[in-house]
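Examination of the molecular architecture
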Amino acid sequence: MFKYFLGNSPKWFKMTMISFLIFNIFSFFVLGKTITAWLFIAEFIFTLAMALKCYPLQSGGLLAIEALALGLTSPKNAYHEVSQNLEVVLLLVFMVAGIYFMKPLLMFIFSKVFTKIKSKVVLSLLFVFLSAVLSAFLDALTVTAVLISVAVGFYGVYHKIHSSSKDYDKDGILDREELSGETLEQFRSFLRSLIMHGVVGTALGGVCTLVGEPQNLLIGERLGWDFVEFFKQMAPVTLPVLLGGLTTTVILELTGAFGFGAKLPKVAAEIIESYTIEEDKNRTDKEKYGLLVQGVSAILLIAGLALHIAPVGLIGLALIIVQTAFMGIVEEHSLGHAFEEALPFTGLLVVFFVIVAMIHDQHLFSPIIAWALNQDPASQPGLFYIANGFLSAISDNVFVATVYIGEVQNAFKAGTIDREHFEKLAIAINTGTNLPSVATPNGQAAFLFLLTSSLAPLINLSYGKMVKMALPYTIVLGGLGYIMVKIVLS
């Protein structure tokens, strides 16, 4: 049983998980519900940190089942959390699958960008800026899925030639040994830095608009803000932070600090260039027609999401139907591959909602909220920003925003605060949950999606490495956000 328990995970990890599961029972009866609930949070974060040792769906899922069994939350409340976030679940199931059928178009566009732009600094800036703009109109998870698809595609091209039986022969000088060792590590480091710039870009853009992140929509609805009004209210804080983020990108690439700065190896650049030339030359009429369908679908997708004509997940489903119908992909087994990337993460997200339900049921964050609302009104936006940022980094920004905006709305309805102060606190909550939460993968769903994707092991992106690479952005985004909140809202 021990041999097969959690598969190929290290023995120490298996023993740690068994220890957690046994100790939690003693803790529940001896130390009480509140302390045990905090232990569950720490243990769940540990399983996320060990994502490359064992996918967190199993290790974290066992903890979630135990939390339910001990009565720290109920299946009904866990289901309530899932139903409240159904839009996010549908987004993962359908939108990511819809992007799968757009991969040829994305590979076509990004391969051109890769081969035409030689400067790593310009390329990194473009990644951050494009991710920010796309996230503002689409959604951070959708954009992350695009970035993952592109990086996996390029790694696949490199790996195919690296592991082929015959030497890669452009000018009769390249051989497989040149593609291994330091060159391979440099290529991984190059992809790793670009992807991290990209996911930080999703946070920079996601905070700006009503549809950028799930909690933005929630906050906007509570205050009656539409797309334009939401952007105008957030702009005094979010636009300076965007500029700060772009400046950080340039500094990181020029200094090579925190694991950034790796250049695309000449060998890899030649492989990708040869691949794109070969692809262009051998592209069939059917593939050209496919690119056209995907291009039209992309325009419809951006229009549909910008106008918010339907929940994001349903737009994703429409995207799947339109693309497959017009490209002639009608066999069931051909459709199945599209869902493979997102469904394990969707399962993990539902497990996450069980832990969120436990946090809610045990009122773990209530004392912090009550304390903040009793402080001087002028200092409250800054305090709410810090509290939201800290809690988002260790739990989940959607949950934290839901709890805080609910409490603040209750205070407004009770007459404790006026409309103007309500709006100030709403801005502090939105920016607080979106900006400092880039510190860890738990805080941002897009970061967690990247960490648990098929790309992470290919480019050696671990939890620790992700936290280290995000640190300069956390300091700049979190710090500049706090300064702007204090200046604009106090």
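All figures in this text were calculated on a predicted structure; none of them were measured in a lab. (Residues numbered from 1 in each chain as written. Predicted model: local features only at pLDDT ≥ 70, side-chain atom pairs only at ≥ 80, totals over all residues. Heavy atoms only, no water.)

1. Regarding the overall build of the chain
The helix and strand tally for the chain stands at 24 helices and zero strands. In terms of overall size, the chain behaves like a compact globule, its C-alpha atoms giving a radius of gyration of 23 Å where 490 residues would be expected to give roughly 23 Å. Judged by the C-alpha coordinates and their principal axes, the chain covers about 75 × 55 × 50 Å. Considering the chain as a whole, with its 490 residues, one finds that 54% of them fall into the buried category. Taking all contacts inside the chain whose residues are at least 6 apart in sequence as the whole, residues at least 24 apart take part in 79%. Accessible surface for the chain amounts to roughly 20,700 Å². Of this, 68% is attributable to carbon and sulfur atoms. A distance of 4 Å separates the average location of the 31 positive side-chain charges in the chain from that of its 36 negative side-chain charges. (Helix = DSSP H or I, 4+ residues; strand = E, 2+ residues; numbered from the N terminus. Rg over C-alpha atoms; globule rule 2.2 N^0.38 Å. Buried < 20%, exposed > 50% of the residue type's maximum accessible area, 1.4 Å probe, protein only. Contact = heavy atoms within 4.5 Å. Areas by Shrake-Rupley, 256 points an atom, 1.4 Å probe, with all protein chains shown as cover. Lys, Arg positive; Asp, Glu negative; His and termini not counted. Charge placed at Lys NZ, Arg CZ, Asp CG, Glu CD.)

2. Regarding the nonpolar core
Counting 154 residues, the largest nonpolar core has Met196 and Leu450 as its most contacted members. The element contributing the most residues to this core is helix 8 (residues 140-162), with 13 residues. Ignoring sequence-local partners within four residues, the contact set of Met196 consists of Phe260, Phe447, Leu450, Leu461, Met466, Met469 and Ala470. (Core = buried A, V, L, I, M, F, W, Y, C linked by side-chain atoms within 4.5 Å.)

3. Side note on the packing of aromatic side chains
A full pass over the atoms with the stated rule returns 14 aromatic pairs. Between Trp12 and Phe13 the ring centres are 6.0 Å apart and the planes differ by 90 degrees, which places this aromatic pair in the edge-to-face class. Ring-pair connections join several aromatic residues into one group, and the members of that group are Trp12, Phe13, Phe20 and Phe46. Directly above the ring of Phe2 sits Lys14, whose terminal nitrogen or CZ lies 5.5 Å from the centroid. (Phe/Tyr/Trp six-rings, centres within 6.5 Å; stacked < 30°, edge-to-face > 60°. Lys NZ or Arg CZ within 6 Å of the ring centre and 35° of its normal.)

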